Amino acid sequence: MSVVARLFKVTEETKTKVRKEIEEDRQKRRAVLNEKLDELAALVDRLHVEESDFGEAERKLHEALMDVGLRASEHFLAQKRQVPERKMTDAGDNIYKYDKEKICELRCIFGFSQRGYTSSMYLRGQTSLKRLMALDSQVGLLPAGGLSPNLAIELVNMVTRMPYEQAKEVMELFRPYVPSKRSICGIIDMLGPRAEGVLDDLPCEAGQVVEIQVDARGAPKIRPEEYELRCRPHKKKPRGQKRHQGKRRHYRSKKKKVHPRPAQGKKSKNKKRVTVGVISSMNKQEDGSWEGPFGKYIARFGKGEEVFKRLREALDSMGPGVQQVVFYSDGDPQYAVLARKYFPKAIIVVDFYHVSEYLWKAGATLYKPGSKELVGLVEQLKQMLCAGEAEEVLSVLRSLYETIPRRGPGTKARRKQMMKTINYLSKRVWQMPYKELRDQGLEIGSGMIESAVRQLVALRLEGPGMKWGAYRDQLILHLLCVRLSRGWDVLAETIRAWAHEPHHRRRMTPVGVNEGKKKQAAASPATTDAELHAKAA
């Protein structure tokens, strides 16, 4: 993008004028702060006389402290304001020229205010006009409306735990200012990519044994045709007398399309697969117990190739001290193929509790649910698996399969379920080294990944009425993985450091689809450098 120099210059007269405004603003902010401090001191002196209820006194003190904090923040920014420079360079090496002193807002944990004036720089190209606020990068405010990074970090942390509307309501209980729901979406769009970089650079603690677990679950996503319908501009309501509106409603009801009812067992949600991976390390202690696990979480939409690549990179970062790698899954054949590709020396294990579910289903074809015979059979088969007798378990199941009659009511379904269990186990006998793992004191189940899938997908992405769009669901996953991997403090420091880099001012709310189309359609043709110089002259 070409940068066109404007004829405005920072002269000595401009510097003298701005220096005088800065000094007046500092005195004004200091006077307001002293006044609020005097009001706070007077409130403290008279509270024990006027109030007998601690709750009411506490509420008044909290309001007064928030007000003092807001005025102190304004005073801090007024003290940091400096005489404007002729030009500045942002993180992308774009040159910004000085334009004017512009009033700006402050959005922090103490509230919202018009913080005062700051130097406004501009970058004028052929197709866009971008501004850079000099004071934002100097003091470390985010480039979205003077937003405090602490408030943004708190809000994003809350959003990883609950829906946007609930997060906003909870934040309003203890913060005087909370951005709107659309602004929360814009903050996630701004900070989500930072979380992905932090997650990639987050170190993994090395250990003697590394456990890798992978599983997947579907998350509801909006269909492309439904997305197009939502993006359409709203039609104007018909005008006219009320006695004619009933006729219009009657005619519209005749033209209304009737959607077919979904078949039994088919859900209406259009779910896309989310693959979740966890890599953790453990060290053996002197008493024979294992210390750990210390896990790192990775989640991606898709079949899992990208997740396995990231898990391989995390394993390589642990160094040569790893003695053994164990891979756990639910028995998905695709995971076994990817595990052989990316972890050729790993011990591949199918989750013991998934195998147990198949044993219970097979036993239910012979005995009534809850009967002592069923419990005894399943417990015997599980003990045989833990003793390393997987082939013997298959022999027992095949003999039981022959005892089921070929004819009779319900026998076909019973034989089918028993054969399904036999086929499942026979294809995964080589993934059942339960005896060796138990002798080492290691896990034979994938409980960690089951909990991770529940926290990442079931509780956050699969809530009632939720349907996610094209990209923000992946940003939420990045933020969630950072929090579960105990890297939230690293993310907070990264955001604060990023806020000190010069960035052009942007809006808090994301640009809507129709809004973007209107701007693109109404955009004027590119302005040449000669035309800009002619206008400035």
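Cut-offs used in this document
- Residues numbered from 1 in each chain as written.
- Predicted model: local features only at pLDDT ≥ 70, side-chain atom pairs only at ≥ 80, totals over all residues.
- Heavy atoms only, no water.
- Core = buried A, V, L, I, M, F, W, Y, C linked by side-chain atoms within 4.5 Å.
- Buried < 20%, exposed > 50% of the residue type's maximum accessible area, 1.4 Å probe, protein only.
- Helix = DSSP H or I, 4+ residues; strand = E, 2+ residues; numbered from the N terminus.
- Contact = heavy atoms within 4.5 Å.
- pLDDT = per-residue confidence, 0-100.
- Pairing = 2+ DSSP bridges.
- Right-handed = clockwise from strand over helix to strand, strands pointing away.
- Arc of directions from axis to C-beta.
- Polar contact = N/O pair within 3.5 Å; in protein donor to acceptor, adjacent residues only side chain to side chain.
- Phe/Tyr/Trp six-rings, centres within 6.5 Å; stacked < 30°, edge-to-face > 60°.
- Lys NZ or Arg CZ within 6 Å of the ring centre and 35° of its normal.
- Salt bridge = Lys/Arg side-chain N within 4 Å of Asp/Glu carboxyl O.
- Axes fitted to C-alpha atoms, helices over the stretch in contact; angles between N-to-C directions.
- Parallel < 35°, antiparallel > 145°, perpendicular 65-115°, else oblique.
- Left-handed = near helix turned anticlockwise from the far one by under 90°.
- Nonpolar A, V, L, I, M, F, W, Y, C, P; charged D, E, K, R; others polar.

## Overview of the nonpolar core
Here's step 1: Core analysis: the biggest nonpolar cluster contains 55 residues, and L142, L191, V276 and L456 have the highest contact counts within it.
Here's step 2: The element contributing the most residues to this core is helix α6 (residues 181–201), with nine residues.
Here's step 3: Excluding anything up to four places from it in sequence, V276 contacts Q213, V214, D215, I298, A299, V307, I449, A452, V453, L456 and V457.
Here's step 4: Counting 35 residues, the second largest nonpolar core, distinct from the first, contains M282, L385, I404 and M418.

## So, the confidence of the model for the protein
Here's step 1: Of all residues in the protein, 80% have pLDDT values of 70 or greater, and the mean over the chain is 81.
Here's step 2: Taken together, the stretch residues 124–128 has pLDDT below 50 and engages in twelve contacts with residues farther than four places along the chain or on a different chain.
Here's step 3: Low pLDDT, under 50, characterises residues 522–537; the predicted model gives this stretch eleven contacts beyond four residues in sequence or across chains.

## A short note on the pairing of strand β9 (residues 347–350)
Here's step 1: Two elements, strand β8 (residues 324–329) and β9, share four bridges in a ladder whose sense is parallel. If you follow S329 over to β9, its bridge partner there is V350.
Here's step 2: Following the backbone out of β8, through helix α10 (residues 333–342) and into the adjacent parallel β9, one traces a crossover that is right-handed.

## Details of unusual backbone geometry
Here's step 1: Residues other than glycine seldom take positive phi values, yet R486 does so here, at roughly 60°.
Here's step 2: Along the chain, R486 falls in the loop between α17 (472–484) and α18 (488–499).
Here's step 3: Given the relative accessible area of 59%, R486 is considered exposed.

## What to know about α10
Here's step 1: Taken together, the buried positions of α10 are Y335, A336, L338, A339 and Y342. With its buried residues spanning 165° around the axis, α10 presents them on a single face. Exposed residues pointing more than 90 degrees away from the buried face of α10 are listed as P333, V337, R340 and K341.
Here's step 2: Its buried side turned inward, α10 meets β5 (209–220), β6 (271–284), α9 (305–316), β8 and β9.
Here's step 3: The backbone nitrogen of Q334 has a side-chain oxygen 3.1 Å away, supplied by the residue at the start of α10, namely D332.

## Notes on the environment of K309
Here's step 1: You can see K309 is positioned in helix α9.
Here's step 2: It is 7.4 Å that separates the C-alpha atoms of K309 and Y342, two residues lying 33 residues apart in sequence.

## Focus on the packing of aromatic side chains
Here's step 1: Scanning the model with the defined rule gives ten aromatic pairs in all.
Here's step 2: Between F308 and Y342 the ring centres are 6.2 Å apart and the planes differ by 35°, which places this aromatic pair in the tilted class. In this pair, F308 is assigned in helix α9 and Y342 in helix α10, connecting sequence segments 34 residues apart. Grouping residues by exposure puts F308 and Y342 together as buried.
Here's step 3: Both rings, one in Y358 and one in Y424, keep their centres 3.9 Å apart while their planes meet at 10°; by these two values the pair is stacked. Taken together, the residues span a long stretch of sequence, with Y358 in helix α11 (residues 352–363) and Y424 in helix α14 (residues 411–426) at a distance of 66 residues. For the pair Y358 and Y424, a shared accessibility class is recorded, and that class is buried.
Here's step 4: An aromatic cluster is defined as three or more aromatic residues linked by ring pairs; in this entry it consists of F308, F327, Y335, Y342 and F343.
Here's step 5: Taking the ring centre of W430 as reference, the NZ or CZ of R340 above it sits at 4.4 Å.
Here's step 6: Seen from the ring of Y401, R415 lies directly overhead, with NZ or CZ sitting 4.3 Å from the centre.

## Description of the environment of E39
Here's step 1: With respect to the secondary-structure elements, E39 resides in helix α1 (residues 12–50).
Here's step 2: Between the alpha carbons of E39 and A64 there is a distance of 8.2 Å; along the sequence they are 25 residues apart.

## Some thoughts on the pattern of salt bridges
Here's step 1: Evaluated as defined, the whole model comprises 24 salt bridges.
Here's step 2: K36 is the partner of D67 in a salt bridge, and the nearest nitrogen-oxygen pair spans 3.1 Å. With D67 in helix α2 (residues 54–80) and K36 in helix α1, this residue pair connects regions lying 31 residues apart in the sequence.
Here's step 3: Ionic pairing is found between R175 and E154, a salt bridge with its closest N-O pair at 2.9 Å. Here R175, found in the loop between α5 (164–171) and α6, pairs with E154, found in helix α4 (residues 149–159); they are 21 residues apart in sequence, far enough to count as distant.
Here's step 4: The exposure class assigned to E154 is partly exposed, which follows from its relative accessible area of 26%.
Here's step 5: Among the ionic contacts, a cluster of salt bridges with common partners joins D25, R29, K36, E39, D67, R71 and E74.

## Examining the packing of α1 against α2
Here's step 1: α2 packs onto α1 with a crossing angle of 165° between their chain directions and a minimal axis gap of 9 Å. As far as their axial angle goes, α2 and α1 are roughly antiparallel. Taken as a pair, α1 and α2 cross one another with a handedness that is left-handed.
Here's step 2: Tallied by class, the residues present in the contact of α1 with α2 amount to 15 nonpolar, two polar and nine charged.

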